[in-house]
Each structure stands twice: as C-alpha cells, then as structure tokens.
Amino acid sequence: MKYRLHQRHSFTPNSSLEDKAVVFQNTKTVLFKEQVSSNSPHLLQSIVPLEKKEEDEEEEENKAGPVLPQNASSCTDEAPEGQGSLSEGPFRDADTKNKQRSHERETKQQNHSFLDAQNDDNVNYKQRRFLIYLCGGYKDTIPERSALMESVYPRLYLHCKQRGYDFKMIDLRAGVGDPDSDRHDLAEMHIETLRRCQDTEGPNFFVFTGQKHEILSLPNTIPQADFEAVIKLMEKNKKKLYRRQSDMAVESQSCFIPAGDNRSFVLERETHLSEEKELSESSAILSENSVSSSSVSDREQTPLALSWMDYDQELTLLQTWYKLDTNTVPAVYRLLPVSTNHPDFLSKDGHRRKLGRKAWRSSCVKLWSVLWRSGPEAIGEEATCRLLRTVLDREVEKGLGGKQPPEEYSHCYKRIITDLLYNLKNEHASQFIDLHKGRPEINQTFHQAQQRFIRNVHLKLRHTNIRETNVSWGRKGLSAKHNRSHQFYVDRLCSHFQRTITASLNRHMQVRQPKGSFDMQRKEVSRLKTQEEIQRHVRFGKTFAQGFVYRQNFLMEVKSALEASSFSQNAVLIVGEPGSGKSMTLAKLAQLIPTWIPGDVKVLACFVGLTSDSRNVRLLLQTLCLQLANIYSLQTEISESLSELSSDLCSLLGLVTEERPLTLLLDGLDNLSEEHEADLSWLSDILLPHVFIVVSANTQSKCAHVVQSQVKVSVLSLPALHHEEITSALASRLSSDSRQLTENQWMLLSQSCLSCPSPLYLNLAYAESKQWRSFTPENSLSIPKDPNQLFMNVLVSLEREYGSCLVRRLALLISLSRSGIAEEELLVLLGCDGHVKHEMANLHHQTLPVSEYSPVPYAFVAGLLYALKDYVTEVESDNTWLLRWTHMEFQCVVLQRYAPTEDSVKAVHADFADHFNGSAPNSQVFQPLAWIRKERGRRCYVFNLRKLHCLPYHYIHSGQIIPLLTECLFNYEFLLHKLWGLSIYHVQEDLKAAVIVEKYDYFISVWLLLC
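About the criteria used
Residues numbered from 1 in each chain as written. Predicted model: local features only at pLDDT ≥ 70, side-chain atom pairs only at ≥ 80, totals over all residues. Heavy atoms only, no water. Pairing = 2+ DSSP bridges. Helix = DSSP H or I, 4+ residues; strand = E, 2+ residues; numbered from the N terminus. Axes fitted to C-alpha atoms, helices over the stretch in contact; angles between N-to-C directions. Contact = heavy atoms within 4.5 Å. Buried < 20%, exposed > 50% of the residue type's maximum accessible area, 1.4 Å probe, protein only. Salt bridge = Lys/Arg side-chain N within 4 Å of Asp/Glu carboxyl O. Left-handed = near helix turned anticlockwise from the far one by under 90°. Nonpolar A, V, L, I, M, F, W, Y, C, P; charged D, E, K, R; others polar. Core = buried A, V, L, I, M, F, W, Y, C linked by side-chain atoms within 4.5 Å. Parallel < 35°, antiparallel > 145°, perpendicular 65-115°, else oblique. pLDDT = per-residue confidence, 0-100. Expected span 1.5 Å × (residues − 1). Arc of directions from axis to C-beta. 1 Å grid on protein atoms, 1.4 Å probe; cavity = no way out; pocket = protein on both sides within 12 Å on 5 of 7 lines; lining within 4 Å. Points joined across faces, edges and corners; volume = space filled by probe spheres on them.

With that out of the way, let us pick up the sheet that holds strand β16 (residues 713–717). The parallel open sheet is built from five strands, whose spatial order is β13-β14-β15-β12-β16. Of all strands in the sheet, those with a lone pairing partner are β13 (602–607) and β16, marking the two edges. Averaged over all pairs of adjacent strands, the angle between their axes in this sheet comes to 15 degrees, without regard to strand direction. Together, β12 (571–576), β15 (691–698) and β16 form the strand contacts of helix α21 (residues 702–710), whose direction differs from that of β12 by roughly 155 degrees.

Following this line, the structure appears as structure tokens:
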C-alpha cells in the first residue's frame, strides 16, 4: 500500500486559502507496507516489523547492550517434560571492563558496614524501574496518546516485568478536559511528576505535537517589579485616553467655530489623532516574535476601540486576582485561588461547579489578554513570553533541558494534517487547530505561538529524535475507528514507539544466568533479594540522617549509655511518642557511633516497617545474618527457619572482637508483624561482649514493655524539642525556601510547635504554613494542636476539591493495603467503586472508564498524591514501588474517619482480593503468578511477589475462608509458585495466619470438607 503525503511549510497571514494550502506543505512520499491486522487474538504478541532495515538495526542495538544484575525475584532452571518447571534463560556477555568493575564493586560492598556504604561513592543506586512521561495537546493528540496506553503500554509492561523491572507510562492529560485547579498548582505537579520520571534510567520524555496550541495558563506568581510595571503602564494609558476623551467631549459641545479658527481646530484635531495613534501602537503593535492581542477574544477589539473605562476594568481585574505576597523573598504578586472569587468552582453541586469553571475560564482569558497586551512594553517581549508559558512549554523546557544529551532520553512525534485548511468548516476542526469561536478562520495568535513552540523543540532536540508524519483529514477529523488510513497511521506510530522504547530499555537492563541446581538458584535469588533489602535501609538511613538538627544533648546521653553498656552488656532502648523522631535519631547514630567507639567498628541498621520483609522477624534476622556474613567474609549458608536463624545470629556475633566491635541499630520494633507473635526472645541471646545494641519503640507500645521485661536494657526517653531548637529549625526552613512570615503568623506557628514539640508536628505545621500569604486574613489562620487533626483538615480540604468519595476510597486503599499500594492497583481499584464512578460523573462530568488500565484519570490521582506529599511516601517492596503513609498514626485517622465498622474494612480487603485473583483487566499481564519469557526454547520465570504475598493476606482479612483455601492454601499452582518464588516458611506463615482462634472450629470443618 502506498500513500503520498505532504510536508508542512510556513505561510503568511495575507496569503489566499489556495496559496496557504499549497505553501502549507511540501510533497513528501512515504512508502508503507501492508497494514498489520489489528484483530490479532493475542494482545501480547509483538507488532510485526514494518521495515526490514529497522528490524536489523534493533537487533544490533540489543546486542550492544550493557550488563546489569539480575532481579532478585527471578529464577531459572531446565523444565522437565510435561511440567511447568523453571528453566534456564538467556543472558548477554558484558565486555571485560564492565565485568572487572562489577566484580570490584561487589567485593568492596561485601566488606562494607552501614556507615561505609553511606560514604562509598562506588555505590551508585539505580532504580529497577522505568517511568515514561507522555505529554502533548489536551485535545489534538488524544488519538496517539490513547492508542499508546491501550496497546503498547501492556506490551512494554510485560517486557520489563519478564526481566525483573517495573514499568509505567504516565499521561497526566488522559481523560482531562478542563485542566484547572483551585490553587493553580497544576504546572508544579506536572513538573514534579516529570522529575520523578527523569530520576530513572532509560527514555523518560515523549512529546506529541500537532497544529493546535496548548490551553492557556496564567502565571501563579509574577515578580513585584514586573507586575507593578504593567499596572503603571496601564494607568498611564488610561489617563491619556481619559484626558483625550474629555477634551474631545468639550470640543464637541462647542456650537460655533469662528472662520479664522478653522486652521487651529484642524491642527489640534490632528494632534489628538496623532497622540491616539501613538498610544495605540505602543500598547498593541508587537514584533514578529510576539502575539497580537487582536485575535485573542471573539470581539476582535483593537486598542483604538479601548476606552479609559476598559482600562479601568482591566486594572480592577488584575488587582482583584493578583495580590502582593511579601512572604515570598523577593516579594511577588500571587494569583488567588479560584474559589476566592468563584465559590461555585468547588461547589458540591455538579451543575454549579460547571458554571464556576466556565466563569473562571472567562476570567482567565481576560487576564491573559491583558498581560499579553501590556507586558511587552512594560517588561519586554521575552519576559512576557516566559511569564505566559503554557504547561506544555514548561514540560518541554524541563524534559529537554534535564539530562544531557536529550537525544538519549527524549523523543518527539510530530503529526501534520495536510489538508486541514480545506476543512476548517468541519465541526471537528477546532480540536486540531486554533479557530476563532463561531468562525472557520485560523486564530493567528495561537497559530504563531504553536509555530514558535515547534521551532523551540527543533532547536533543543536533534532531528533524528523527531518523527514527523503526515496524514489526511477524515470524516471525523483524526479517528482510527472511522478511517482505515488513520488506523494504519496509529498502528505504525505504536510500532515505532514500541521498537524505540524496547531497544532503549534493553540497553539499560540485563539478566544474569544462574548456575547450578534449581535449589542453589533459589538460594542465590534469596541472597540477592536480601542484599537489595540491605541497600534500601542504607539509603533510607542516609537520607533521614541529613535532616537531623535536634537533640544534641540527647545524643551525648546515648553515647554515655553505650560506653556504660560495654561493661554491663546492656542494650539501649530509646522510647518516645509517635512522631517524636526515633527513626531520625537512630539514623544519625549510625553516622556518629563509628567516631564514638574505638576500633574498626561496624554498624548494622534496620528500620522495621520500611519494607514488608523488614516487618517479619524471620526475614529481619535473615538480613542481619547475611550482613554479618559479608562483614566477616564467610561463605556460609544462611538458614531460613526462625529458630535456626536465632542460633546463626548468635554464632556470627560470637566472631566480634575488641578490635572490630559491632553496633546493631533496630528502629521501630513495635512495627513487627504478627507472623511469629513479634518474637523478641532472640534479643537477650545476642548481648555479647563488644556488641552494642540500640533499639527503639513507642513509649506505650506492648513491644516496649516486652523488651524491658525480657532483656537487660538501659531506657532513654526522647525529650521534647526545646524552644531554641524549634525556632532554629523553623528559621532554617524559611531561609532555605526563600520565605518569611508576618509577625502574627510567626507567633502562631512557633506557639503551635511549642504546644506539640515533636519533629513530626513541626514538619506538618511548617508545610501548612507554606499556604499562608502575607495578605491572608488573620481570622482564617489556625493550626490544630496535634498532627492527627492537621491530617484530618487536609483530608477535609481535599474532599471539597476532589469529592468525598474519591478521597475516602484512595485513603482507605492506602491504609488497608499490605505494606502499601502500587499506582496501577490504585487506579483500577478506584475505578471499580460505584460511588467514585457516580461522583466523577456528577461532580467532574467524567464518564468512567478513561481507559482499560486507568479507569480514573491519572491526573486526579496525581493531584491528590501531590497534595498529600507530606503524608504519603513511595517505597520499594516486592520488586515494585508502593505508596503508603509516612506514619502509622495517619492510618488510624483514616480508619476512624472512613471505616468505623468491621464490615467496611472487610469490604475493602475483599476488593483487593478480587483484584489480585484476576478480576483486573488483562490480568495475565498485570497479575499473573509469574511473568514468563521464552527464549532459545527455555523458560525464565520472574515471580509476582506482590500477588503471592497479598492474595492470602486480603482473603484472611476479608474473612473469606473458602476462597482462601481454594485459591491459595489448597491451590496447587499457587503453592508451587510460592515455594519457587519464596520458601516453604512463607507458606507456613500463611497457614498460621489463616487459623483464627475465634473461627478455629469452622476452619477445621471446612478444611476436612475440602479434603
């Protein structure tokens, strides 16, 4: 099949329609092969290569890829005939230099302690995931972005999961028609999401362009000097027009003009017209790089038509929406929240909210027009263009200006509709090019802005990374459902996108071929998994210790207690209230202890609760034993049962000498799960000479009492923060954020922190104060006196903006998940809730689902998580990234507010269980028991640890005993995969957790019935 398409060229506004159509494009022939059938029954099969040359290039690129370590959850072996056993997978050899460097790093890391790993520059952490950010016009690039999410995303996800990597494509514009937010933080949220993507390896930024300009957006802040310059210019023009119109009014009242005065009248009239012409040119005539204001509004008003009253109204509009905020240093004029002047913007009634959004868009267009008309003369054209950048402009600046060179990480897809000018009267034309409202004419203002945007992309990105495609107009514009050529274009774009991403990903990830029997491979996988767990705690401790600025005197008390424990062989127990800073204190101790204790001291630190494995006593001891074996370079086999691990830990600690003492830091013992009744008996057995132990727990927790009763400990209570520490910390944060507070605001903040003198409350209170402006009325300033109430206020505020059902569901899913929830799970489970669907339709006029894999628009979830950034964190666990609360207290607040009954809690757990059991769309891709790839006639498995852990957990907590038995405990495939991917001890823990004391007889009867 062959198509002849056209390439675009610029045209002048004065050209005729025929000239525009001819000059708009140059002919460019593109040869296509026969279209690959889109009705293939197998979603997971790769797209057939359309170009033999591209296929050969891809193979060459794959062969040149570097070697990276294998994921800890993958396992390979030869498969016996007729069985789904594990078999050997392929690997690629690295060059000699890469092998030598990898071996040197592994040798060094084995002999490093917690502190050594923090200071070792050779420990370069690379996330085992890829995040790809998609951006483009809200309306004109929907076909391309939607096709990628529907067809390419699951294939790339499967490709990465089969190799032990996580993968996600993020589109913040999918399903969003009105990109407005009450606090105007949309651009910041987009840029922060893009930054997260750029923190990962591989390609991370893709921009899609057409012929339509991005939706207008106003600057959230304007520098004080720039805003006042605009106001001054507008007032000057207003006065000139007022004086001239007043003089003209006086002259028009004159009924008689002497014959001898005709000449003076004509001269005076010419002077008046000359002044008006000068004023008009100064406020409207811009250079070639500027945008004319005459085409912004529908009325096509020109400065000649503006009266002094028009200027007065525009001045009032600017000063109504922008207020001087001296809390920012230097001072800025800040755009007020939309609901300040349009209360219906956050109305609970869907119709009124729609009217409020419409009113805001009208105000937004007027404000943009005023700034664009007056800005060039007041502050310069360049400053005005930068001030009025769109969100897409900022994304491109960040995406193409981040990692260098941009060609390694960024790509652009440019689509041109060649005959669009001939179809301006079509009802769908306005979705693909900027037209005047009600008229089939191109809006030159936005058209020229779009041309500048495309030129900017070409300046920043090499042409090899810009793929330009020409298409023709269809009956409904660009629609793959109604036009076969458009379907062919979309398929070809998806094929190219998949090949480009796959080739790049293969260069950044690689698997290593295990050796030996399957049992040896499984133990090697377990060892690698434990090493990854150790590194997570190292990174967490390093990050946490950087923010420690409190309690220097208390650190000296800990030092004295450790010196005393060297003679008495006591452990040091640090207790404190929730949020008092125990984890931060232990992270700082990990840095200081090597300077306190003589000798080559080694420090082992574990933050219980950081990951799901760290909450299990058995896995915690396994991690400690492996660290000790690495320190002493022992090639010993680490046990897996709790009793054997306790014995192994004592034996390994017996190797500690006076020259090489060891310190063990265990934070948050009260966060241990109940698989083994949080057994702490092993603590009393490891109080050996030259071994220093520091543990922490909540003051009123059961764990703290157990430790004090069973173990010889010296108890130290974390003191409250002093007044000097609070004021110093607040002043330091204000300085680093370039902010200041009014006297009354400072007094309120400092007094509130003194009433609850804990680091957690100080962090949250300061985050709340960042919303204060110098013009904020004093009667609206308030801070609750405890962190739980602070969190409650944030939830109430989010309910008002996003809807109570959406906020309730999201908070419960985070709270009741096992160790956190992945974003993919969150999106699907939100879309499964009937109340959320009804609320989205009525309040946001959003009909679900947006797509099969993201029923709720990702922008809503991203906005909620951005607003909760001080309360939600992202952690790596079970080979994926999970969202969870930063503090367990927030989980209690959520359950108390949204799930007061046991039945409501069980309902959420039941939804989780259904999701992991295969009710999710395309579950063979997203929720299998293991991801399997076949290469060279063999199979390689990467086990879905998330499902293997969560499915029995949620069946147990939802009280579904029969599904638990049939789908997990007596399911051959499930048990086989859990034994392969984890161990028999994990299966035993599931059985033990399933035997509920209150329902023991019922459990036994069901068990016997099934047997």
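On to the pairing of β15. For β15, the buried fraction is high: eight of the eight residues fall into the buried class. Residues Val691, Ile693, Val695 and Ala697 of β15 are buried on one face, and the alternating residues Phe692, Val694, Ser696 and Asn698, pointing to the opposite face, are buried as well. Both β12 and β15 contribute to a ladder of five bridges, which runs parallel. Looking at the pairing, Ile574 lines up with Ser696 of β15. Across five bridges, the pairing between strand β14 (residues 662–667) and β15 is parallel.

Position of Ser347 relative to the elements: it lies in the loop between α10 (338–341) and α11 (350–379). Overall, the relative accessible area of 11% leaves Ser347 in the buried class. Each C-alpha atom of the pair Ser347 and Glu801 lies 8.4 Å from the other, and the pair is 454 residues apart in sequence. Leaving out residues up to four positions away in the same chain, Ser347 has contacts with Arg352, Arg353 and Leu843.

For the rest of this paragraph, the subject is the pattern of salt bridges. Under the criterion given, the structure shown has 32 salt bridges. Where Lys906 meets Glu902, a salt bridge forms, and the shortest distance between an N and an O atom there is 3.3 Å. Taken together, the residues Lys906 and Glu902, both in helix α31 (residues 902–919) and four residues apart, mark about one turn of the helix. What makes Lys906 partly exposed here is its relative accessible area of 23%. Linking Lys978 and Asp990 is a salt bridge whose minimum nitrogen-to-oxygen distance equals 2.3 Å. Of this pair, Lys978 sits in helix α35 (residues 972–981) while Asp990 sits in helix α36 (residues 984–994), and the two are twelve residues apart along the sequence. The class of Asp990 is buried, set by a relative accessible area of 15%. A single salt-bridge network, built from bridges that share partners, covers Arg129, Arg196, Glu823 and Glu874.

Taken across its five residues, strand β6 (residues 205–209) has five buried, putting it largely inside the fold. Across the two faces of β6 the burial is the same, with Phe205, Val207 and Thr209 and Phe206 and Phe208 all buried. Of the pairings in the sheet, the one linking strand β4 (residues 129–136) to β6 comprises four bridges and is parallel in character. The partner of Leu134 across the bridge, within β6, is Phe206.

Turning to the packing of helix α5 (residues 142–161) against helix α15 (residues 484–508), a few remarks are in order. Two elements in contact, α5 and α15, have axes separated by 10 Å at closest approach and are oriented at 35 degrees. For the crossing formed where α5 meets α15, the hand is right-handed. Contacts from Glu144, Ala147, Leu148, Ser151, Val152, Arg155, Leu156, His159 and Cys160 of α5 reach α15 at Tyr489, Val490, Leu493, Cys494, Phe497, Gln498, Ile501, Thr502, Leu505 and Asn506. Here the contact of α5 with α15 is composed, by residue class, of twelve nonpolar, five polar and two charged.

Next up on the list: the nonpolar core. By size, the foremost hydrophobic cluster in this structure holds 136 residues, and its most contacted members are Ile574, Leu589, Leu665, Phe791, Leu868, Tyr871 and Trp885. Excluding residues within four positions of it along the chain, Ile574 makes contact with Phe554, Val558, Lys582, Leu586, Leu589, Val694, Val695, Ser696, Ala697, Leu716 and Leu718. One finds Ile132, Leu134, Ala429 and Cys494 within the second-largest nonpolar core, a separate group that totals 43 residues.

Sheet architecture is open: five strands sit in the order β5-β4-β6-β10-β11, paired in parallel fashion. Both outer strands of the open sheet, β5 (166–171) and β11 (466–471), are each paired with one neighbouring strand and no more. Adjacent strand axes in the sheet meet at a mean angle of 15 degrees when their direction is disregarded. Its contacts with the sheet put helix α13 (residues 391–400) on β4, β6 and β10 (410–417), and the angle it makes with β6 is roughly 140 degrees.

A few words on the packing of helix α23 (residues 743–755) against helix α24 (residues 759–769). Following both chains from N to C, one finds α23 and α24 inclined at 160 degrees, their axes separated by 10 Å at the closest point. Judged by the inter-axis angle, α23 sits roughly antiparallel to α24. Classified by chirality, the crossing of α24 by α23 is right-handed. Contacts from Leu749, Ser752 and Cys753 of α23 reach α24 at Tyr761, Leu762, Ala765, Tyr766 and Ser769. Across the contact of α23 with α24, the residue classes tally to six nonpolar, two polar and no charged.

So, about the confidence of the model for the chain. With 79% of its residues at a pLDDT of 70 or more, the chain shows a mean pLDDT of 81. Every residue in residues 1–115 scores below 50 in pLDDT, and together they form 254 contacts with partners more than four places removed in sequence or on other chains.

This part takes up helix α17 (residues 552–568). Here α17 is 17 residues long and its end C-alpha atoms lie 25 Å apart, about the 24 Å a rise of 1.5 Å per residue gives. Along α17, the positions that sit buried rather than exposed are Phe554, Leu555, Val558, Ala561, Leu562 and Ser565. All buried residues of α17 lie within an arc of 115 degrees about the axis, which places them on one face of the element. Opposite the packed face of α17, turned more than 90 degrees from it, sit the exposed residues Asn553 and Phe567. Summarising the contacts, the buried residues of α17 are in contact with β12, α18 (582–596), β15 and β16.

Right, let's talk about empty space enclosed by the protein for a bit. As enumerated under the stated definition, the model contains twelve cavities of 30 Å³ or more in all. Together, 23 residues line the largest cavity, and Pro179, Leu186, Ser217, Leu218 and Val391 are the ones closest to its centre. Looking at the lining of the largest cavity, the elements with two or more residues in it are α6 (186–198), α11 and α13. Of the residues in the lining of the largest cavity, the class split is twelve nonpolar, five polar and six charged. What the second largest cavity holds in volume is close to 230 Å³. Taken together, 17 residues make up the lining of the second largest cavity; nearest its centre are Ser526, Lys529, Thr530, Leu619 and Gln622. Among the elements that make up the lining of the second largest cavity, the one with the highest residue count is helix α16 (residues 518–546) (six residues).

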